[in-house]
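Next come the chains, spelled out residue by residue.
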Amino acid sequence: MSAPSDAMVEIRSVHKKFGSLEVLRGIDLSVRPGEVTVILGPSGSGKSTLLRTINHLEKVDRGWISVDGTLVGYRRDGDKLYELREREVLRQRTRIGFVFQNFNLFPHLTVLENIIEAPISALRRPRKEAVASAEKLLERVGLSDKAAAYPGQLSGGQQQRVAIARALALEPRLLLFDEPTSALDPELVGEVLDVIKDLAHGGTTMIVVTHEIGFAREVADTVVFMDEGRIVEQGPPADVLDRPTQERTRAFLSKVL
Amino acid sequence: MSLTSDPPVGPSTGPPIDPPVEPPADPPAAKEAGSGAGPDELTVVPVRHPWRWVAIAATAVLLAQFLNGLITNPGWEWDVFAQFFTAPTILKAVWVTLQLTVYGTAIGFALGIVLAFMRLSASVFLRTVAYGYIWAFRSIPLIVQLLFWFNLAYLYKELQFGIPFGPGFFAFDTMNLVGATSAAVLGLALHQAAYAAEIVRGGVLAVGSGQLEAAAALGIPKFRQLRRIVLPQAMRSILPNAANEIISLFKGTSIVSVMAIGELFYQVQVVYGRNGRVVPLLMVATVWYILLTTALSVLQHYVERHYAKGAVR
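Quantities reported herein were computed from a predicted structural model and do not represent experimental measurements. Each chain has its residues counted from 1, running along the sequence as written. Note on labels: chains are lettered from A, ligands numbered from 1, in written order. Where totals are concerned, whole chains, interfaces and linings use all residues; where local detail is concerned, this predicted model gives features only for residues with pLDDT of at least 70, and gives and counts side-chain atom pairs only at 80 or more. Only heavy atoms go into the side-chain values, all of them from the structure, while hydrogens and water stay out.

**Q** Sorry, what's going on with unusual backbone geometry here?
**A** Comment: phi is negative for the bulk of residues other than glycine, and the bulk of peptide bonds are trans. Residues and elements named next belong to chain A. Positioned with a positive phi, Ser-13 is a non-glycine residue whose angle comes to about 40°. Put simply, DSSP H or I for four residues or longer makes a helix, DSSP E for two residues or longer makes a strand, and each gets a number counted from the N terminus. The residue Ser-13 is located in strand S1 (residues 9-18) in this model. Judged by relative accessible area, Ser-13 falls into the partly exposed class, the value being 35%. For Phe-103, which is not glycine, the phi torsion reads 65° and is therefore positive. Each residue's exposure class comes from its accessible area (1.4 Å probe, protein chains only) as a fraction of the maximum for that residue type: buried when under 20%, exposed when over 50%, partly exposed otherwise.

Here it is as structure tokens:
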């Protein structure tokens with residue numbers, strides 16, 4: 001294991017199996033602070049699974065991941081990795097924001113309650129402080145007037161913007177987006193991408209799994225193309241998207257562009 | 001064409017009901033519309049339902065006969081009913097019935113929640129034990145279980161607290177500790193727990209996995225996830241079933257009368273055994289059961305409304 005590098009995320013030879021199905025077959029990737037990494041690839045290529053291993057929603061079978069210089073989900077002692085207790089894993093996750101494809105807002109809580117829940121219960125912030133920063137976040141995603149609404153009363157695009165505000169409320173060092181616009185009506189995709197772009201320009205480190213090639217071209221510092229559990233190629237969008245070196249990447253791009 | 005709540009007759013409601021009239025009526029209407037007449041000049045005539053009126057009349061007559069019988073038939077002996085409905089001995093029995101229900105529900109659901117989470121646990125051992133409990137207590141008729149508990153002292157003369165298989169610290173005479181009433185509560189609660197466990201488990205399973213993932217991804221502490229995210233959502237599917245169970249337990253307490261415990265049904269039997277007025281005293285019990293079940297149903301409505309916050313339907 002290397003000494004803490006300057007990388008925000010360090011992924012080393014990560015393997016993952018579901019039963020007999022090998023979903024990840026040795027992934028190596030590093031993400032520098034402030035960088036936006038976009039992961040592209042066909043369904044079943046393992047891109048969502050990779051994203052989920054980064055905050056330990058999935059356990060890795062081999063290899064390791066570190067975020068901001070700390071191992072995720074494990075503690076190293078000598079040459080052994082000890083699995084952390086759930087309480088410790090939960091504490092680690094407060095530094096990593098995760099935005100789901102299906103929003104996963106809590107339907108029985110108002111927009112404001114959704115956002116302040118984790119800061120109050122996981123970070124032990126005083127309620128008043130949590131509410132004040134939640135209001136600022138709602139303003140940032142353009143939903144100040146929806147604080148008292150329930151998720152069921154919002155459009156898909158609005159729900160996803162609330163979900164982003166909820167992830168930001170923990171002031172994470174890293175934001176992970178799992179196909180944030182795939183469940184949205186086409187005309188609502190733009191408003192969500194605008195919020196994510198705004199965060200990217202603000203210098204937040206993020207890894208985005210998406211099918212939006214245009215977004216990748218505009219915002220990504222690095223584009224990673226995955227297929228069958230491996231990284232096929234990675235580099236700046238101008239290289240990977242316009243001058244791919246691998247036949248597999250070309251074949252994929254010719255279908256989605 | 002009119003919209004009615006009747007069984008659908010197909011897209012063209014008119015013709016099948018009234019074939020000779022409707023077809024000639026249609027073309028002129030079409031012609032009028034075609035000739036540019038405003039839609040405000042067309043009047044909608046709802047379909048008539050003569051047979052519905054016949055059904056209403058027949059039902060009303062039957063209902064009137066029934067009510068007339070209730071009032072005029074001297075066999076109901078409403079004066080006896082009135083005399084005993086609020087008699088102290090009956091009120092005391094109602095109170096015992098309520099206590100059996102409350103303790104049975106409280107202990108039953110507390111144990112049921114534990115069993116539900118055992119069945120959802122990752123440990124095969126805990127899952128199997130919980131399943132075995134539910135299997136056993138659902139398989140044995142309640143009345144048999146009650147008689148077993150009633151005869152507990154026959155099996156175990158003494159109950160002892162201490163180190164398992166080791167020395168004991170306190171010992172109780174089973175006969176004194178597990179009296180008739182506590183045997184009844186125990187029997188009802190243990191039986192109820194098996195059903196409550198499955199209801200709670202069903203409710204927890206009904207909460208989408210995405211909810212737990214979101215809570216986990218936000219780092220919300222485990223117990224708080226359960227209390228704040230999972231249970232309030234599970235309550236929506238738990239409540240209707242739980243209310244069914246509580247109501248059926250409430251009425252099921254009458255089974256305890258086999259153990260000579262002075263609950264409502266037993267007390268009523270005692271009274272009519274003495275004075276022979278069977279029907280009015282059965283009515284005393286019936287009306288009390290109906291009143292209290294109604295109260296529970298009203299309570300259910302408000303509790304369900306509380307947990308419906310944010311629900312789209």
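**Q** Teacher, can you tell me more about the interface of chain A and chain B here?
**A** Many structure descriptions define interface size as the accessible area lost when the parts assemble. Counting residues at the interface gives 25 residues for chain A and 21 residues for chain B. Summed over both partners, buried area is the accessible surface (1.4 Å probe) that two parts give up on being assembled. Carbon and sulfur atoms supply 60% of the area that chain A and chain B bury against each other, a total of about 2,000 Å² over both sides. Broken down residue by residue, the surface that chain A buries against chain B is led by Leu-90, Phe-106 and His-108 of chain A, which jointly contribute 28%. Salt bridges are counted wherever a side-chain nitrogen of Lys or Arg sits within 4 Å of a carboxyl oxygen of Asp or Glu. Here Arg-228 of chain B and Glu-117 of chain A are joined by a salt bridge, their closest N and O atoms 2.9 Å apart. Here a polar contact means two N or O atoms within 3.5 Å. Within protein one must be a hydrogen donor candidate and the other an acceptor candidate, and residues neighboring in sequence count only if both atoms are side-chain atoms. On the surface where chain A and chain B come into contact, there are seven residue pairs in polar contact (both at pLDDT 80 or more). Among the secondary structure elements, those contributing two or more residues to the side of chain A that touches chain B are helix H2 (86-93), strand S8 (96-99) and helix H3 (111-121) of chain A. For the side of chain A that touches chain B, the element with the highest residue contribution is H3 of chain A, accounting for four residues. Gly falls in the polar group here, along with every residue not listed as nonpolar (Ala, Val, Leu, Ile, Met, Phe, Trp, Tyr, Cys, Pro) or charged (Asp, Glu, Lys, Arg). The residue inventory of the side of chain A that touches chain B, partitioned by class, reads 13 nonpolar, six polar and six charged. Contact between two residues is taken to exist if any of their heavy atoms lie within 4.5 Å; hydrogens are not considered.

**Q** Looking at this structure, I do not really get the packing of H3 of chain A against helix H4 (residues 127-140) of chain A. What am I missing?
**A** Two quantities define a packed helix pair, namely the angle between the axes and the distance from one axis to the other. Residue and element names in this part refer to chain A. One way to put it is that H3 packs onto H4 with a least axis distance of 9 Å and a crossing angle of 130°. If you check the angle between H3 and H4, you find them oblique. Our pair here, H3 against H4, has a crossing hand that is right-handed. Facing H3, whose interface residues are Val-111, Leu-112, Ile-115, Ile-116, Pro-119 and Ile-120, H4 presents Arg-127, Ala-130, Val-131, Ala-134, Glu-135, Leu-137 and Leu-138. Of the residues in the contact of H3 with H4, the class split is 11 nonpolar, no polar and two charged. All axes are obtained by fitting lines to C-alpha atoms, using only the stretch in contact for helices, and the reported angles, taken between N-to-C directions, cover 0 to 180 degrees. Oblique is the label for any angle not under 35 degrees, not over 145, and not in the 65 to 115 range, which are roughly parallel, roughly antiparallel and roughly perpendicular in turn. Should the near helix be turned anticlockwise from the far one by less than a right angle, the crossing is termed left-handed; should it be turned clockwise, right-handed.

**Q** Can you help me understand the nonpolar core in this one?
**A** Generally speaking, soluble globular proteins have nonpolar side chains that are buried together. Each nonpolar core is a collection of buried residues, namely Ala, Val, Leu, Ile, Met, Phe, Trp, Tyr and Cys, held together in the definition by side-chain atoms within 4.5 Å. Core analysis: the largest hydrophobic core is formed by 51 residues, its most contacted members being Val-38, Leu-40, Ile-115, Ile-164, Phe-177, Ile-196 and Met-206 of chain A. Among the elements that make up this core, the one with the highest residue count is helix H6 (residues 186-201) of chain A (eight residues). Excluding residues that lie within four positions of it along the chain, Ile-115 of chain A makes contacts with Ala-134, Leu-137, Leu-138, Val-162, Ala-165, Arg-166 and Ala-169 of chain A. One finds Ile-11, Val-31 and Leu-170 of chain A together with Ala-217 of chain B within the second-largest nonpolar core, a separate group that totals 38 residues.

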